[in-house]
Amino acid sequence: MHIRRQCKSVEARRETLKLKSMPSFTPVRTIEAKLAELSFEEVSSATVVSDGRFWHKRIFENASETITVSDEVGNVIYMKDPVITILGNSETIERIRKIA
Amino acid sequence: MPFYECNENHFIENLRRILESHVKVVVNRSLIQHDDGKYGLSFIPDFEFKKYETIAERRRTRSTVYAAKPFYDNYHRRFHMEEEVLHSGKYHNLKNLSIPYYKVEYTFSIWKDTYTHSFDVLFTPGIKLEKRGVPQHAKDNIANDVLIHTLNFLPPDEKSIKLSLPKSVLVFDVKRMTRV
């Protein structure tokens, strides 16, 4: 009964998740530290090519939320701007936005 | 019909604005596996090339890549001898080894305008020592059943090839998108 109620609450939280994507000028390490603080764990990673650029895409998850961090790889002369895409609740989005 | 290309940030933000205005939207996703030589070892950044360092060597990005030792490419079913050119930095057509990838394309249409975001996800190399037979042409220097490095290409995880979207977004898988 308790487990079913817990599952329901996770499902309910998933229904209300919001979408947000933002470029960040914060180093990836700072973002990683923040994600660890918010109890997100890395679940998958891959090398992605988009806009003619190579990105190291990593996916972080907690119980119901998903955050993707794409960091450009290679020798670039301009400032890197990792792209953070969040499928999470407003509180998480706000917390990430503060450091990004 | 205008067709707008977006990067990840643009695409997600456009989609978010539509969702916030309570408009129902259908997102189409196409996923096609390619191995057309688009990603040769010479052009990939050091970060990616490090995964191949056991079997391949190059001086820097965009320089010719040679086989560091004999190995068998299990994906393309091809045997490579030591010092064989795997990818030429100068002659772009000379590609003996290329990385397969998934081409992923997300699209949604609103008010007859189409917005798209596409990206390629590279397969991950898996290199291990295996005992296997060597093809006829390579038998001069190497004995029959030998312990040899074998290169496998592992498809990326499903989570890496999809965008995380809210449940309210309907995602339809399609084979191909025709641009009019």
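A brief look at the structure comes next.

What counts and how
Once a new chain begins, its residue numbering starts again from 1 and follows that chain's sequence as written. To read the labels, note that chains go from A and ligands from 1, taken in the order they are written. Local features are withheld for residues below a pLDDT of 70 in this predicted model, meaning they are given only at 70 or higher, and side-chain atom pairs are given and counted only at 80 or more; totals for whole chains, interfaces and linings count all residues. Side-chain descriptors were evaluated using all non-hydrogen atoms of the structure, hydrogens and water having been removed beforehand. As used in this record, nonpolar core signifies buried Ala, Val, Leu, Ile, Met, Phe, Trp, Tyr and Cys residues forming a set joined through side-chain atoms within 4.5 Å. Partly exposed describes any residue whose relative accessible area lies between the buried limit of under 20% and the exposed limit of over 50%, with all areas from a 1.4 Å probe on protein chains only and scaled to the type maximum. Think of it this way: any DSSP run of H or I at least four residues long counts as a helix, any run of E at least two long counts as a strand, and we number them from the N terminus. By the convention used here, residues are in contact when the closest approach between their heavy atoms is within 4.5 Å. The term buried area denotes the loss of accessible surface (1.4 Å probe radius) that occurs when two parts are joined, taken as the sum for both partners. In the sections that follow, a salt bridge refers to a side-chain nitrogen of Lys or Arg positioned within 4 Å of a carboxyl oxygen of Asp or Glu. Any N or O atom pair separated by 3.5 Å or less is treated as a polar contact, with the protein-specific requirement of one donor-capable and one acceptor-capable atom, and with residues adjacent in sequence counted only for side-chain atom pairs. In this description, strands pair whenever DSSP reports at least two bridges between them. Structural elements are reduced to axes, namely lines fitted to C-alpha atoms, with helices fitted over the stretch in contact, and the angle between N-to-C directions of any two is expressed from 0 to 180 degrees. Each aromatic pair joins two rings of Phe, Tyr and Trp (for Trp, the six-membered one) with centres within 6.5 Å, and gets the label stacked for planes under 30 degrees apart, edge-to-face for over 60, and tilted for any other angle. Here a helix's expected span is defined as the number of its residues, less one, multiplied by 1.5 Å.

Digging into the nonpolar core
Line of reasoning, step 1. B:Leu41, B:Phe108 and B:Leu165 are the most contacted members of the largest nonpolar core, which has 46 residues in total.
Line of reasoning, step 2. Put simply, the parts of the chain that give this core at least two residues each are β2 (41–50) of chain A together with α1 (8–20), β4 (65–67), β8 (101–110), β9 (113–122) and β11 (146–154) of chain B.
Line of reasoning, step 3. The greatest single-element share of this core, amounting to six residues, is contributed by β8(B).
Line of reasoning, step 4. Membership of the second largest hydrophobic core comes to twelve residues, among which are A:Phe60, A:Ile67, A:Ile93 and A:Ile96.

As for the interface of chain A and chain B
Line of reasoning, step 1. Counting from both sides, the interface comprises 30 residues of chain A and, opposite them, 30 residues of chain B.
Line of reasoning, step 2. Interface area for chain A against chain B, summed over the two sides, is near 2400 Å², with a carbon-plus-sulfur share of 57%.
Line of reasoning, step 3. When the buried surface of chain A facing chain B is broken down by residue, A:Leu19, A:Thr47 and A:Phe54 rank first, second and third, together holding 25% of it.
Line of reasoning, step 4. Along the contact surface separating chain A from chain B lie two salt bridges.
Line of reasoning, step 5. A:Lys20 is the partner of B:Glu13 in a salt bridge, and the nearest nitrogen-oxygen pair spans 3.1 Å.
Line of reasoning, step 6. Summed over the shared surface of chain A and chain B, the result is twelve residue pairs in polar contact (both at pLDDT 80 or more).

Overview of the sheet that holds strand β6 (residues 78–80) of chain B
Each strand in a sheet pairs with its neighbour through backbone hydrogen bonds, running either in the same direction (parallel) or in the opposite one (antiparallel).
Residues and elements named next belong to chain B.
Line of reasoning, step 1. Read from one edge of the open sheet, four strands run β6-β5-β11-β10, paired in mixed fashion. Two strands lie at the open edges of the sheet, namely β6 and β10 (124–132), each paired on one side alone. On average, each strand axis in the sheet is tilted by 30° relative to the strand beside it, whichever way the strands run.

Side note on the packing of aromatic side chains
Line of reasoning, step 1. Taken as a whole and assessed by the stated rule, the structure comprises ten aromatic pairs over all chains.
Line of reasoning, step 2. Ring geometry for A:Phe54 against B:Tyr39: centres 6.1 Å apart, planes inclined by 75°, an arrangement best described as edge-to-face. Highlighted residues: A:Phe54 in strand β3 (residues 53–61) and B:Tyr39 in the loop between β2 (26–34) and α2 (46–49), drawn from two different chains.
Line of reasoning, step 3. Measuring from centroid to centroid gives 5.1 Å for B:Tyr102 and B:Phe123, while their planes differ by 50°, and the two rings are tilted. Of this pair, B:Tyr102 sits in strand β8 while B:Phe123 sits in the loop between β9 and β10, and the two are 21 residues apart along the sequence.

Quick look at the pattern of salt bridges
Line of reasoning, step 1. Overall, the coordinates contain 16 salt bridges over all chains when judged by the stated rule.
Line of reasoning, step 2. The residue A:Glu72 makes a salt bridge to A:Arg53 at a minimum N-O spacing of 2.9 Å. Taken together, the residues A:Glu72 in strand β4 (residues 66–72) and A:Arg53 in strand β3 connect sequence positions 19 residues apart.
Line of reasoning, step 3. Here B:Glu48 and B:Lys51 are joined by a salt bridge, their closest N and O atoms 2.9 Å apart.
Line of reasoning, step 4. Overall, the relative accessible area of 1% leaves B:Glu48 in the buried class.
Line of reasoning, step 5. The exposure class assigned to B:Lys51 is partly exposed, which follows from its relative accessible area of 30%.
Line of reasoning, step 6. Several salt bridges share partner residues, and in doing so they unite A:Lys20, B:Glu13, B:Arg16 and B:Glu20 into one network.

Structural notes on the environment of B:Ile32
Residues and elements named next belong to chain B.
Line of reasoning, step 1. Note on placement: Ile 32 falls in strand β2.
Line of reasoning, step 2. Sequence separation of Ile 32 and His 76 is 44 residues, and the distance between their C-alpha atoms is 18 Å.
Line of reasoning, step 3. When residues no more than four places from it in sequence are discounted, the contact partners of Ile 32 are Tyr 101, Tyr 102, Lys 103 and Lys 175.

What about α1(B)?
Line of reasoning, step 1. Relative to the 18 Å expected for 13 residues at 1.5 Å per residue, α1(B) spans 18 Å between its end C-alpha atoms, a close match to the ideal helical length.
Line of reasoning, step 2. Within α1(B), burial applies to B:Glu8, B:Asn9, B:Phe11, B:Ile12, B:Glu13, B:Leu15, B:Arg16, B:Ile18 and B:Leu19.
Line of reasoning, step 3. Those residues of α1(B) that are buried are in contact with β1 (18–23), β4 and β5 (83–88) of chain A together with β2, β8 and β9 of chain B.
Line of reasoning, step 4. Just downstream of α1(B), B:His22 is the residue with a positive phi angle, here 60°.

Side note on the pairing of β9(B)
Line of reasoning, step 1. Across the ten residues of β9(B), nine count as buried, placing the element largely inside the fold.
Line of reasoning, step 2. Across two bridges, β2(A) lies against β9(B) in antiparallel orientation. If you follow A:Val49 over to β9(B), its bridge partner there is B:Asp120.
Line of reasoning, step 3. Across three bridges, strand β1 (residues 3–5) of chain B lies against β9(B) in parallel orientation. For B:Phe3, the partnering residue across the bridge sits in β9(B) and is B:Thr114.

What about the side chain of B:Thr107?
All names here are of chain B.
Line of reasoning, step 1. With respect to the helices and strands, the residue Thr 107 is situated in strand β8.
Line of reasoning, step 2. Taking the relative accessible area as the measure of exposure, Thr 107 reaches 5% and is therefore buried.
Line of reasoning, step 3. When residues no more than four places from it in sequence are discounted, the contact partners of Thr 107 are Phe 11, Val 26, Val 27, Asn 28, Thr 114, Tyr 115, Thr 116 and Met 177.

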